[in-house]
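Here is what each chain is made of, one letter per residue.
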Amino acid sequence: MASANLQFKTNYVVSSKIEPFYKGGKVQISKDEKYIFCTCGSRVNVLEISTGKIVHCVEHDDQEDITSFALSCDDEMLVTASRALLLKQWDWKAAQCTRSWRAIHTVPVASMTFDSTSTLLATGGCDGTIKIWDVVKQYCTHNLKGSSGVVHLVQFHPDINKLQLFSSSLDCGIRLWDLRSSQCVCVLQSHYSAVTALSFSPDGGTMVSSGRDKICTVWDLESKEATRTVPVYEAVEGVVLLPDNKDFSQIGVKNTDLHFITAGSKGILRVWEASTARCVYTQTLPVSEEAEEEERDDDPRSLTYLLHLTDSSRLATVTAEHNIVLYQLPALSTQQQFVGYSDEVLDVKFLGKDDSHIVVATNSCQLKVFELLTNNCQILYGHTDTVLSLDVFKKGLLFASCAKDRSVRVWQMDSDTGQVTCVAHGSSHTNAVGSITCSRMKASFVVSGSQDCTVKVWDLPADLSTTGAEIHQLTARATEKAHDKDVNSVAVSPNDKLLASGSQDRTAKLWSLTGEGTVGLLGVFKGHRRGVWAVCFSPVDQVLATTSADGTTKLWSLQDFSCLKTFEGHDASVLKVIFVSRGTQLLTSGSDGLVKLWTIKTNECVKTLDAHQDKVWGLHSTRKDDKMVTGSADSNITVWLDVTEVELAEEQAKQEDQILKQQELSNLLHEKKYLKALGLAISLDQPHTVLTVIKAIRQGGEESKELLEKTVLKLRVDQKESLLRYCVVWNTNARNCQDAQAILQVLLTHLPPEELLLYQGTRTHLEGLIPYTERHMQRIGKMLQASMFLNYMWQKMRVAGAPSSMDQDEEMDTTPLAQPFFTIDKEKGTSSSNEEKQDGDDVDDAQDEDPNCQMEEEDEEDNEVSVTRKASMKNGRLEKNGESTKTNGNHHHSDSGESSEEDEDEKDQTVKAMKCPPVSSTPQCQTISS
């Protein structure tokens, strides 16, 4: 058994998910080319292109399906239309509905678009009408009637000064509307089937239209005549005009004539020269070996949308299988591919170096390989029917698949590029192949189990590298009729000497693989009441695990074929089982959508993971056993992390992020980009770092006050809220109170009280500010009095030592030694801030945040103030400031009684000293020098 001090797993947490985000309908890309907007039932999902993650989602409260949507050209507004005939305007970044109104259409809206100024919105309805909306002034400006049937296309002329709108409906004509007169100027007739897309030249004088009648038409918009009809020989769903100022020679463009790209039912991109109606370039895509030559109308690879990303010179296509593919011009090389909807997930395995990818078998004949970091997907073509099962070899770069097409295939991933290719193929089963397993020691063979009740052992060639398009043909070295019904699962032991099989006939069997060309039966495991779904060998013990449709998981001895343990807990069929924690624990998944973690020794279910709504067919763990992936019939794929690994990974990522942000902050301060620096420092949630930025701003010279005010007021509301919270902390320390008061002056001066009271904890913050602010004002007031007295004494010393010719009654300069930070309020004795540099700035700022240093630092400063006030004391006696504080939570109070009386005495003595007549200079000088 495993070591006794082995740390058992107790929990898994979701690391990431790959969920359906697009199930058909409109697709639009933002103007900044960072996001893809697409419909998914009652939601519009926003996919971030760089990460492949869903970053925003807007959804109608009534759960009605969204029939159309449009994003404004400035990327600010999103408007959606639902089957409930409601139009909703969204702040999509905050997922908040800012306005909703009735669509006026009598049936759902089928198409929508914004004009180039993001002011006008056109909606085309299934009722044959078109409405134009002014989204700024919020009213309907036009009601255009005359179309027959569903208006499935509306598009503004790119030159907004023309105020023209193009539309198309079931009559296959393209209507041109003059928005000044609200009249249809003309109907452009050329197509005999639905018009699918319009593309305009940069000057707006030429337009190309595409249709499902397999033609594209070039229009002169000045004469409103068709100048060329190009037969494309496929139903065209999208067309894009190529700009004439770039080099597209890689895709057949040899001159400056008009060229355009089409996408349609054949699933490929083609480049056409308009003047000659010739196809000058045809994209090549991988095809399955047994694909039919003739065109199929229901080809899942057919394209439904073609979008042009002008700034980055890319194209985006949408396939009938809901995949979104980005191509880089001019080479039309595949850059990124996202899978919008995968249907049921039938199996999933980790793949690649450091388990960086997953390979997924869905309810289709294609395999999908996802890169976990970016969700970029590579689609593998080869099988001609639904792929049912997968398994990966030890090193993780080679894997095998089997399908309903009665074949098995072996695939290899390039460790450098991540590209996957088929390297071997075998087909001799007489029915669907439902299970496959790979050799454990090295890549030497695979074993398949089929609905024809047999298991086959396939030897792999020593060198699996392929030359050109040729792949290795596999032959079965052994074939054995293993069961009386379908073989549901096969597994190879860790030493490659044993084979286990599980069948619908309620039994599991153990086979020997050591014989030459034969598979020998060693024993039968009987005990399940229904069919066996999965078999799995323990990595360390002579134990086999099986799962069944009877809802149980059983452990069997390989020595005497007896049942050692039975685990019951699933409410329905248990579909998969794997060993984790070096064979001491089990993970099982069932058709109840649950994944359960079991400890074998105690026969106990440690954790139940509820992340799926349907059958969990896919269950796999990484080689390091720190990560798990599950795939379900609900179309979701979930990656799980062991909770201890999560904590470690989060801490490491946090440290790396802190280092990068600190470096970025240093660069921003060096470049004097204070607004970005302050925002970054607040995002780190480190008050001391924010204080460093504030000090840097305030040391900017004469314009520092205006710079601080400008910077603070440009912060977001949440950043200002954090800044107010930090000020409360800084204000408790004498060294930092000036910075806190400077920030407070900006906030209190420029922000209305109503806004400040909306900040979280504002009342508590203000209560914490008041006592410390009063204390700072008292201290500064005493320092001001002392400085004025010293100035008075210094002036009298200068007068006493002046030449005899100097007028003894010359008026004394009573200007204070320094401008006070606080100005005294005559009525309340309070003060408002004007900056004065305090002592102690050269002390280590790291102590500023230490509350234990607070009282000691203030006592030191009070002692220094007392020393400067020595001349005002009678008989040269040093009287310390009698103030003391009591701290209770955030509330601070001065002790009443003797301390207050001493303060009053000191004030009286200071005032009396200032009023007394001049004395002889010599004794006074001796007193001060002493």
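Digging into the pairing of strand S44 (residues 498-503)
Part 1: In terms of burial, S44 is largely enclosed, as 6 of its 6 residues are buried.
Part 2: Here S44 shows two buried faces, one formed by Leu498, Ala500 and Gly502 and the other by Leu499, Ser501 and Ser503.
Part 3: When strand S43 (residues 487-492) meets S44, the two strands line up antiparallel, connected through 5 bridges. Opposite Ala491, over in S44, you have Ala500 as the bridge partner.
Part 4: Counted between consecutive antiparallel strands, the loop separating S43 from S44 contains 5 residues, among which Asp496 sits at a positive phi close to 65°.
Part 5: As consecutive antiparallel partners, S44 and strand S45 (residues 507-512) are separated by 3 residues, and within that stretch Arg506 has a phi angle of approximately 75°, a positive value.

Here we look at helix H4 (residues 704-713)
Part 1: Those residues of H4 not exposed but buried are Ser704, Leu708, Thr711 and Val712. Seen from one end, H4 has its buried residues packed into an arc of 95°, which puts them on one side. Opposite the buried face of H4, at more than 90 degrees from it, the exposed residues are Glu706 and Lys710.
Part 2: Contact partners of the buried residues in H4: helix H2 (674-683), helix H3 (687-698), helix H5 (717-730) and helix H6 (737-750).

A word on the sheet that holds strand S34 (residues 387-392)
Part 1: Strand order in the open sheet formed by 5 strands is S34-S35-S36-S37-S41, with mixed pairing between adjacent strands. Because the sheet does not close on itself, it has two edges, and the strands there are S34 and strand S41 (472-473).
Part 2: In this structure, strand S36 (residues 408-413) lies alongside strand S37 (residues 420-426), joined through 6 bridges in antiparallel fashion. Bridge pairing in S37 places Val410 opposite Ala424.

Side note on the packing of H4 against H6
Part 1: Where H4 meets H6, the axes come as close as 10 Å, and the angle between the chain directions of the two elements is 60°. Of the possible angle classes, the one that applies to H4 and H6 is oblique. Where H4 crosses over H6, the two elements pack in a sense that is right-handed. Between H4 and H6, the residues in contact are Lys705, Leu708, Glu709, Val712 and Leu713 and Ala742, Ile743, Gln745, Val746, Leu747 and His750, respectively.
Part 2: In terms of residue class, the contact of H4 with H6 is built from 7 nonpolar, 2 polar and 2 charged.

Topic: the environment of Asp75
Part 1: Inspection of the secondary structure assignment puts Asp75 in the loop between strand S6 (66-71) and strand S7 (78-82).
Part 2: Residues Asp75 and Asp32, 43 residues apart in the sequence, show an inter-C-alpha distance of 7.7 Å.
Part 3: Every residue in contact with Asp75, bar those within four places of it in the chain, is listed here: Ser30, Lys31, Asp32 and Trp92.
Part 4: In this structure the side chain of Asp75 is engaged in a polar contact, spanning 2.8 Å, whose partner is the backbone nitrogen of Lys31.
Part 5: Polar side-chain contacts of Asp75 include one of 3.0 Å to the backbone nitrogen of Asp32.

Structural notes on the confidence of the model for the protein
The predicted structure's coordinates, where accompanied by low pLDDT, should not be read in detail.
Part 1: With 82% of its residues at a pLDDT of 70 or more, the protein shows a mean pLDDT of 82.
Part 2: Note on residues 804-812: pLDDT under 50 across the span, and 4 contacts to partners over four residues away in sequence or across chains.
Part 3: In the model, residues 814-930 has pLDDT below 50 throughout and makes 144 contacts with residues more than four positions away in sequence or in other chains.

Some words on the packing of aromatic side chains
Part 1: Taken as a whole and judged by the stated rule, the model has 11 aromatic pairs.
Part 2: Between Phe166 and Phe200, the ring centres sit 5.4 Å apart and the planes meet at 55°, which makes this aromatic pair tilted. Of this pair, Phe166 sits in strand S15 (residues 164-168) while Phe200 sits in strand S18 (residues 195-200); the two residues are 34 residues apart in sequence, bridging distant segments of the chain. You'll find Phe166 and Phe200 in the same group, each marked buried.
Part 3: The interplanar angle of 35° and the centroid separation of 6.4 Å between the aromatic rings of Phe789 and Tyr792 together place this pair among those described as tilted. Of this pair, Phe789 and Tyr792 both sit in helix H8 (residues 762-800), 3 residues apart, roughly one helical turn.

Re the sheet that holds strand S21 (residues 225-231)
Part 1: Pairing in this open sheet of 4 strands is antiparallel, and the strands run S18-S19-S20-S21 from one edge to the other. One side of each edge strand has no neighbouring strand; the edge strands of this open sheet are S18 and S21. With strand direction ignored, the average angle separating the axes of adjacent strands in the sheet is 20°.

Some points on a negative patch on the surface
Part 1: A grouping of Asp61, Asp62, Glu64 and Asp65 is seen on the molecular surface, where their side chains present a negatively charged patch.
Part 2: In this structure, Asp62 sits in the loop between strand S5 (53-59) and S6.

Thoughts on the environment of Trp411
Part 1: For Trp411, the position within the fold is in strand S36.
Part 2: Given the relative accessible area of 2%, Trp411 is considered buried.
Part 3: A distance of 2.9 Å separates polar atoms of two side chains, one belonging to Trp411 and the other to Ser401.

The rules behind each value
Residues numbered from 1 in each chain as written. Predicted model: local features only at pLDDT ≥ 70, side-chain atom pairs only at ≥ 80, totals over all residues. Heavy atoms only, no water. Buried < 20%, exposed > 50% of the residue type's maximum accessible area, 1.4 Å probe, protein only. Helix = DSSP H or I, 4+ residues; strand = E, 2+ residues; numbered from the N terminus. Pairing = 2+ DSSP bridges. Arc of directions from axis to C-beta. Contact = heavy atoms within 4.5 Å. Axes fitted to C-alpha atoms, helices over the stretch in contact; angles between N-to-C directions. Parallel < 35°, antiparallel > 145°, perpendicular 65-115°, else oblique. Left-handed = near helix turned anticlockwise from the far one by under 90°. Nonpolar A, V, L, I, M, F, W, Y, C, P; charged D, E, K, R; others polar. Polar contact = N/O pair within 3.5 Å; in protein donor to acceptor, adjacent residues only side chain to side chain. pLDDT = per-residue confidence, 0-100. Phe/Tyr/Trp six-rings, centres within 6.5 Å; stacked < 30°, edge-to-face > 60°. Patch = residues over 30% accessible without salt bridge, like charges linked within 9 Å, V, L, I, M, F, W, Y side chains within 5 Å. Areas by Shrake-Rupley, 256 points an atom, 1.4 Å probe, with all protein chains shown as cover. Salt bridge = Lys/Arg side-chain N within 4 Å of Asp/Glu carboxyl O. Lys, Arg positive; Asp, Glu negative; His and termini not counted. Charge placed at Lys NZ, Arg CZ, Asp CG, Glu CD.

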